[in-house]
Amino acid sequence: MNIRESIQSQFSGKAFERPLFYTRKGGLRFELSLGGDWLDQFDLALRKSHEICEEIFDKEIVACYRIFSNEPLVSSISTFRELRNIGLFPEKVKEKEHWLERVTVDEGWIEGETEDYWHTIAIKLPKSSLKKLLWCSMAQDLGVKPCPLVNIYLFDLTKGVEAWPYDVRGMDVIGNKAILSQLYKKFDSYLLDYDREMMDTNFG
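Described in the following lines is the structure provided in the data block. All of these numbers come straight from a predicted model, not from anything done at the bench.

**A few points about the overall build of the chain**
Helix and strand counts for the chain come out as 6 helices and 7 strands. N-terminal to C-terminal, the α/β element order of the chain is α-β-α-β-α-β-β-α-β-β-β-α-α. Relative to a compact globule of 204 residues, whose C-alpha radius of gyration would be 17 Å, the chain shows 17 Å and is just as compact. Taken along its principal axes, the extent of the C-alpha atoms in the chain is 45 × 40 × 35 Å. Across the 204 residues that make up the chain, the buried fraction comes to 50%. Contacts spanning at least 24 positions in sequence make up 67% of the contacts within the chain whose residues lie at least 6 apart. Summed over all atoms, the accessible surface of the chain reaches about 10,600 Å², with 49% contributed by carbon and sulfur. Each charge sign in the chain was given a centre, from 27 positive and 33 negative side chains, and these centres are 6 Å apart.

Spelled out as structure tokens, the structure:
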């Protein structure tokens, strides 16, 4: 089974739906930043997301880079050059896959006559890449460099867990209920209060 098939199988074809927390019963939503200036927000979000993900991932991370475009993937070469320059898109890796998905009308992205797609590049990286992956996830809204223009989803396909650090505001985690239960208990103070009742029902 390749990476795409494994992701589709384990997450019922909903691994990239947004917001991720609401696509699958029994997920977690973490609040990462708590106000302050942009540097305070970035620093706190990076620290908290890294602390949580250290508990999720062991040796290997499957990173999926998602690009929304109506152009061939080659048009995003500058983005992948930026990822390569910081070690997140090495030329030699164990596994790398690319697939294309037509954006459906009900996603609300289609306007006019253009055909829009999600390009997904899946790549296996060592756990030592974690902080860089989180940095790039947090950096886009703030304009902190480097900030390659991709949505980044992180998977441990052995454990069956997915983390989506969408920006400095928060991170969604879905999948293996036993592992999520441990995260729920250990990082109780990081849970987003807005959705706490739902999480308490599932794990409390």
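**Looking at the nonpolar core**
Grouped together as the largest cluster of nonpolar side chains are 48 residues, with contacts concentrated most on Leu28, Phe30, Tyr65, Leu133, Leu154, Val173 and Leu183. What Val173 contacts, discounting residues up to four positions off in sequence, is Gly27, Leu28, Phe30, Ile56, Val161, Glu162, Ala163, Leu180 and Leu183. Counting residues in hydrophobic clusters, the runner-up holds 15 residues, among them Ala15, Leu20, Cys64 and Trp99.

**Considerations on helix 5 (residues 177–186)**
Taken as a whole, helix 5 has its buried residues at Ile179, Leu180, Ser181, Leu183 and Tyr184. Looking at the packing, one finds that the buried side of helix 5 touches strand 1 (28–31), helix 2 (38–56), strand 6 (161–167), strand 7 (170–175) and helix 6 (196–203). For helix 5, the side-chain oxygen to backbone nitrogen distance between the N-cap and Ala178 is 3.0 Å, and the N-cap itself is Asn176.

**A few points about the packing of helix 5 against helix 6**
Following both chains from N to C, one finds helix 5 and helix 6 inclined at 120°, their axes separated by 11 Å at the closest point. Put simply, helix 5 runs oblique to helix 6. For helix 5 against helix 6, the interelement crossing comes out left-handed. Of the residues in helix 6, those in contact with Lys177, Leu180, Ser181 and Tyr184 of helix 5 are Met199, Asp200, Asn202 and Phe203. Residues belonging to the contact of helix 5 with helix 6 are distributed by class as follows: 4 nonpolar, 2 polar and 2 charged.

**A look at the packing of aromatic side chains**
Evaluated as defined, the whole model comprises 12 aromatic pairs. With centroids separated by 5.0 Å and ring planes inclined at 80°, the aromatic side chains of Phe21 and Tyr22 adopt a geometry described as edge-to-face. On the basis of relative accessible area, Phe21 is assigned to the buried category, the value being 2%. A network of ring pairs unites the aromatic residues Phe11, Phe16, Tyr153, Phe155, Trp164 and Tyr166 as a single cluster. The ring of Phe89 is capped by Lys96, whose NZ or CZ atom sits 4.3 Å from the centre of that ring. Lying across the ring of Phe203, Lys177 places its NZ or CZ 5.8 Å from the centre.

What counts and what doesn't
- Residues numbered from 1 in each chain as written.
- Predicted model: local features only at pLDDT ≥ 70, side-chain atom pairs only at ≥ 80, totals over all residues.
- Heavy atoms only, no water.
- Helix = DSSP H or I, 4+ residues; strand = E, 2+ residues; numbered from the N terminus.
- Rg over C-alpha atoms; globule rule 2.2 N^0.38 Å.
- Buried < 20%, exposed > 50% of the residue type's maximum accessible area, 1.4 Å probe, protein only.
- Contact = heavy atoms within 4.5 Å.
- Areas by Shrake-Rupley, 256 points an atom, 1.4 Å probe, with all protein chains shown as cover.
- Lys, Arg positive; Asp, Glu negative; His and termini not counted.
- Charge placed at Lys NZ, Arg CZ, Asp CG, Glu CD.
- Core = buried A, V, L, I, M, F, W, Y, C linked by side-chain atoms within 4.5 Å.
- Polar contact = N/O pair within 3.5 Å; in protein donor to acceptor, adjacent residues only side chain to side chain.
- Axes fitted to C-alpha atoms, helices over the stretch in contact; angles between N-to-C directions.
- Parallel < 35°, antiparallel > 145°, perpendicular 65-115°, else oblique.
- Left-handed = near helix turned anticlockwise from the far one by under 90°.
- Nonpolar A, V, L, I, M, F, W, Y, C, P; charged D, E, K, R; others polar.
- Phe/Tyr/Trp six-rings, centres within 6.5 Å; stacked < 30°, edge-to-face > 60°.
- Lys NZ or Arg CZ within 6 Å of the ring centre and 35° of its normal.

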